[in-house]
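Per-entry structural report
One-letter residues, chain by chain:
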Amino acid sequence: MPTTLTPVDTPIPVSQRIRERIQAKKTRFHANDNIAQFIQPGELDQLLDEVEEKLKGVLQSLVIDTDSDHNTQDTGRRVARMFINEVFKGRYVPMPAVTEFPNASRLNELMIIGPITVRSACSHHLCPIIGKVWIGVMPNEHSNLIGLSKYARIAEWVMSRPQIQEEAVVQLADTLQEKMHPDGLAVVMEADHFCMHWRGVKDMDAKMINSVMHGSFLKDPNLRREFLSLIKR
C-alpha cells in the first residue's frame, strides 16, 4: 500500500502574526508608529530571534564568512537586540508611565525644558540621527503638569524609532499636547544626520533645525520670540 505522508504544519512567523493583528484592526504600522498594543507576552523575544535569522541572511548575502570570522559570528544577534531593545524600542513598548499633577498653583508662565539629548535613526538609510530638543510649555489652570524627567522619557520613546526629523517633532508635540493640555506648546529640534555625514554628500557640518508650535506659541509672536531667544543652541 502506498504510504500517505502527513503534512507538517509550518509555524507562522511571529512578525506575520503581529502584522495580521494590526491589519485586522486597519491600523497603520509605518516605521515610526508604535505597535506595542498588538504584541502579546513573550512575542518580543520571538521577534528578536526572527530578526536575528534575517540579519544572518543579510550578512551571508554581503559575502561575509560569519562561520570563521570571529568578529561577525554573533553580529546578527547583536544587531537584532540593538534594533528591538534599544534604537527602535519606541515601536515595540508602550509609552513610559507618566505621573501627572494638577496645576494647583495655577501656573501660567512660560516653562522651558532642554536641551534634551535625543537619538534616532533615519528611516531612509537607518543611519543615526543625534541631536537636542527644547520644549516650551505655557500651562493654564486646567493643564496637567508632569515631572521634569518625564519629558526626556517621552522624547526618547518617540525618537527611538526609524524617523524623519520633520515627523518626529510633530509626534513629540502631539504626545505632550495630549498629555498636558496646555495653552501653548513649542518643540525645537536640532540634529546631526549621519545619512549626510557618513554617506551621500559626506558633509560633516550640516545640521537640521525645525520646530512645531501649538496654541499660544503659534498665535502670539511675542511669546514665540521669547521662547526662541531663551533656548541655548
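Please read these numbers as outputs of a predicted model, since none were measured by experiment.

**Things to note about the packing of helix H4 (residues 148–159) against helix H5 (residues 165–180)**
What describes two packed helices is the angle between their axes and the distance between those same axes. Where H4 meets H5, the axes come as close as 10 Å, and the angle between the chain directions of the two elements is 135°. In terms of orientation, H4 and H5 fall into the oblique class. Relative to H5, the crossing made by H4 is right-handed. Between H4 and H5, the contacting residues are Tyr-151, Ile-154, Ala-155, Trp-157, Val-158 and Met-159 on the first element and Ala-168, Gln-171, Leu-172, Thr-175, Leu-176 and Met-180 on the second. When grouped by side-chain class, the residues that make up the contact of H4 with H5 number 10 nonpolar, 2 polar and no charged.

**What to know about a nonpolar patch on the surface**
Among the surface-exposed residues, Val-58, Leu-62 and Ile-64 lie close enough to one another that they form a single nonpolar patch of about 240 Å² accessible area. For Ile-64, the position within the fold is in the loop between helix H2 (43–61) and helix H3 (75–87).

**Some thoughts on the layout of surface pockets**
Quantified by volume, the largest pocket comes out at close to 470 Å³. The wall of the largest pocket is formed by 18 residues, among which Arg-19, Ile-35, Leu-47, Arg-91 and Tyr-92 lie closest to the centre. Within the residue set of the lining of the largest pocket, elements represented by two or more residues are helix H1 (14–24), H2 and H3. The class makeup of the residues in the lining of the largest pocket is 12 nonpolar, 2 polar and 4 charged. Of the volumes computed, that of the second largest pocket is approximately 200 Å³. Secondary-structure elements contributing two or more residues to the lining of the second largest pocket are H3, strand E2 (111–122) and H4.

**Re the nonpolar core**
If you look at the biggest cluster of nonpolar residues, it comprises 29 residues, and the most contacted ones within it are Val-133, Ile-135, Tyr-151, Leu-172, Leu-176 and Met-189. At the level of secondary structure, the elements contributing two or more residues to this core comprise E2, strand E3 (128–138), H4, H5 and strand E6 (184–193). Leaving out residues up to four positions away in the same chain, Tyr-151 has contacts with Met-111, Ile-113, Ile-116, Ile-135, Val-137, Ile-146, Leu-176 and Met-180. Counting residues in each nonpolar core, the second largest holds 12 residues, with Phe-38, Ile-39, Ile-84 and Tyr-92 among its members.

**Remarks on the packing of H2 against H3**
In the contact formed by H2 and H3, the axes pass within 8 Å of each other and the chain directions differ by 130°. Considering their axes alone, H2 and H3 lie oblique with respect to each other. For H2 against H3, the interelement crossing comes out right-handed. Contacts from Leu-44, Leu-47, Leu-48, Asp-49, Val-51, Glu-52, Leu-55 and Leu-59 in H2 reach Thr-75, Gly-76, Arg-77, Val-79, Ala-80, Arg-81, Ile-84 and Asn-85 in H3. Classifying every residue of the contact of H2 with H3 by side-chain character gives 9 nonpolar, 3 polar and 4 charged.

**Brief notes about the environment of Cys-122**
By secondary structure assignment, the location of Cys-122 is in strand E2. Spatially, the C-alpha atom of Cys-122 lies 11 Å from that of Asp-192, the residues being 70 residues apart in sequence. Cys-122 has contacts with Cys-127, Ile-129, Gln-163 and Cys-195, leaving out every residue within four places of it along the chain.

**Some thoughts on the packing of aromatic side chains**
Evaluated as defined, the whole model comprises 2 aromatic pairs. Note on Phe-83 and Phe-88: the rings are 4.8 Å apart at their centroids and 20° apart in plane angle, and the pair reads as stacked. Of the two residues, Phe-83 and Phe-88, neither departs from the other in class, the shared state being buried. Here Phe-217 and Phe-227 contribute two aromatic rings whose centre-to-centre distance is 5.6 Å and whose plane-to-plane angle is 70°, an arrangement assigned as edge-to-face. Note that Phe-217 is positioned in helix H7 (residues 216–219) and Phe-227 in helix H8 (residues 221–230), a separation of 10 residues in sequence. Neither Phe-217 nor Phe-227 differs from the other in exposure class; each is buried. Lying across the ring of Trp-157, Arg-161 places its NZ or CZ 4.5 Å from the centre.

Criteria and thresholds
Residues numbered from 1 in each chain as written. Predicted model: local features only at pLDDT ≥ 70, side-chain atom pairs only at ≥ 80, totals over all residues. Heavy atoms only, no water. Axes fitted to C-alpha atoms, helices over the stretch in contact; angles between N-to-C directions. Helix = DSSP H or I, 4+ residues; strand = E, 2+ residues; numbered from the N terminus. Parallel < 35°, antiparallel > 145°, perpendicular 65-115°, else oblique. Left-handed = near helix turned anticlockwise from the far one by under 90°. Contact = heavy atoms within 4.5 Å. Nonpolar A, V, L, I, M, F, W, Y, C, P; charged D, E, K, R; others polar. Patch = residues over 30% accessible without salt bridge, like charges linked within 9 Å, V, L, I, M, F, W, Y side chains within 5 Å. Areas by Shrake-Rupley, 256 points an atom, 1.4 Å probe, with all protein chains shown as cover. Salt bridge = Lys/Arg side-chain N within 4 Å of Asp/Glu carboxyl O. 1 Å grid on protein atoms, 1.4 Å probe; cavity = no way out; pocket = protein on both sides within 12 Å on 5 of 7 lines; lining within 4 Å. Points joined across faces, edges and corners; volume = space filled by probe spheres on them. Core = buried A, V, L, I, M, F, W, Y, C linked by side-chain atoms within 4.5 Å. Buried < 20%, exposed > 50% of the residue type's maximum accessible area, 1.4 Å probe, protein only. Phe/Tyr/Trp six-rings, centres within 6.5 Å; stacked < 30°, edge-to-face > 60°. Lys NZ or Arg CZ within 6 Å of the ring centre and 35° of its normal.

Scope: geometric values only; no functional claims are made or implied.
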